[in-house]
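The primary structure of each chain is shown beneath.
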Amino acid sequence: AILGTIGYNFKLAVSLGPSAGPFHLVGFFCYAAAWFDCVFTVMAFRIAKMFGVLYATVAVMFVLVGMNFQKLMSDAKDSTDKTGDYIAGVSCLLVSLQCCYLLVPIMTGRGKLV
């Protein structure tokens with residue numbers, strides 16, 4: 001439900017353009033998803049450490065994306081400052097690479113799930 005709400009807000013922002021307003025509520029949804037991922041991290045470490053590391057990284061990613069939605073990592077007065085976008089993007093890239101790395105041992109049965 002949280003990710004669907006974030007997607008709905010993106011659809012609204014794309015249709016409204018620059019007059020869409022701030023995304024503070026979407027940022028709080030990301031914080032809630034980070035909290036849920038912290039709980040999943042504890043459960044995942046019991047299965048395999050690799051899953052625990054992945055969920056911990058996803059939790060950090062959601063915190064960074066939420067902070068980016070609230071403009072906490074870039075200058076709110078300067079519209080050309082993309083620092084928060086870059087930081088959130090790199091965290092999403094890191095999670096994507098971890099997921100790709102995790103697919104190989106799960107799909108092929110080769111490798112270790114430490």
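The structure displayed is predicted, hence computed values, not measured ones.

(A) View of the side chain of Asp37. Tracing the backbone through its elements, the reader meets Asp37 in helix H2 (residues 24–47). For the buried Asp37, which has no salt bridge, the nearest side chain bearing the opposite charge is Arg46, at an N-O separation of 16 Å.

(B) Summary view of the nonpolar core. In this structure, Cys30, Val58, Met61, Phe62, Val65 and Phe69 are the most contacted members of the largest nonpolar core, which totals 15 residues. Among the elements of the structure, H2, helix H3 (49–69) and helix H4 (83–108) are those that each provide at least two residues to this core. The element contributing the most residues to this core is H3, with 7 residues. Beyond its immediate sequence surroundings of up to four residues, Cys30 is in contact with Ile6, Phe62, Val65, Gly66 and Phe69.

(C) Quick peek at the environment of Tyr8. Take Tyr8: it is sitting in helix H1 (residues 2–16). The class of Tyr8 is exposed, set by a relative accessible area of 54%. Measuring from C-alpha to C-alpha, the distance between Tyr8 and Val26 comes to 9.9 Å, with 18 residues separating the pair along the chain.

(D) A look at the environment of Thr83. Take Thr83: it is sitting in helix H4. Sequence separation between Thr83 and Asn68 is 15 residues; the distance between their C-alpha atoms is 8.9 Å. Ignoring anything within four residues of it in the chain, the contact list for Thr83 reads Met73 and Ser74. There is a polar contact of 2.7 Å between the side chain of Thr83 and the side chain of Asp81.

(E) Quick look at unusual backbone geometry. Of note, Lys71 is a non-glycine position whose phi angle comes to about 60°, a positive value. Turning to its location among the elements, Lys71 is positioned in the loop between H3 and H4. Judged by its relative accessible area of 47%, Lys71 is partly exposed.

(F) Structural view of the packing of H2 against H3. Running from N to C, H2 and H3 cross one another at 170°; their axes reach a closest spacing of 7 Å. The orientation of H2 with respect to H3, classified from their angle, is roughly antiparallel.

(G) Here's a closer look at the side chain of Ser74. Inspection of the secondary structure assignment puts Ser74 in the loop between H3 and H4. The exposure class assigned to Ser74 is buried, which follows from its relative accessible area of 14%. Setting aside residues up to four positions removed in sequence, Ser74 forms contacts with Asp81, Thr83 and Gly84.

(H) Up close: the packing of aromatic side chains. With the rule as written, the count across this model stands at 2 aromatic pairs. Ring geometry for Phe28 versus Tyr31: centroids 5.7 Å apart, planes at 85°, classification edge-to-face. Linking Phe28 with Tyr31, this pair stays in helix H2, spanning 3 residues, or about one helical turn. On the basis of relative accessibility, which here comes to 22%, the residue Tyr31 falls in the partly exposed class. For the pair Phe40 and Tyr55, a centre-to-centre distance of 5.7 Å together with 55° between the ring planes defines the contact as tilted. Residue Phe40 is found in helix H2, and its partner Tyr55 is found in helix H3; the two are separated by 15 residues along the sequence. The partly exposed category is assigned to Tyr55, whose relative accessible area is 32%.

Thresholds applied
Residues numbered from 1 in each chain as written. Predicted model: local features only at pLDDT ≥ 70, side-chain atom pairs only at ≥ 80, totals over all residues. Heavy atoms only, no water. Helix = DSSP H or I, 4+ residues; strand = E, 2+ residues; numbered from the N terminus. Buried < 20%, exposed > 50% of the residue type's maximum accessible area, 1.4 Å probe, protein only. Lys, Arg positive; Asp, Glu negative; His and termini not counted. Salt bridge = Lys/Arg side-chain N within 4 Å of Asp/Glu carboxyl O. Core = buried A, V, L, I, M, F, W, Y, C linked by side-chain atoms within 4.5 Å. Contact = heavy atoms within 4.5 Å. Polar contact = N/O pair within 3.5 Å; in protein donor to acceptor, adjacent residues only side chain to side chain. Axes fitted to C-alpha atoms, helices over the stretch in contact; angles between N-to-C directions. Parallel < 35°, antiparallel > 145°, perpendicular 65-115°, else oblique. Phe/Tyr/Trp six-rings, centres within 6.5 Å; stacked < 30°, edge-to-face > 60°.

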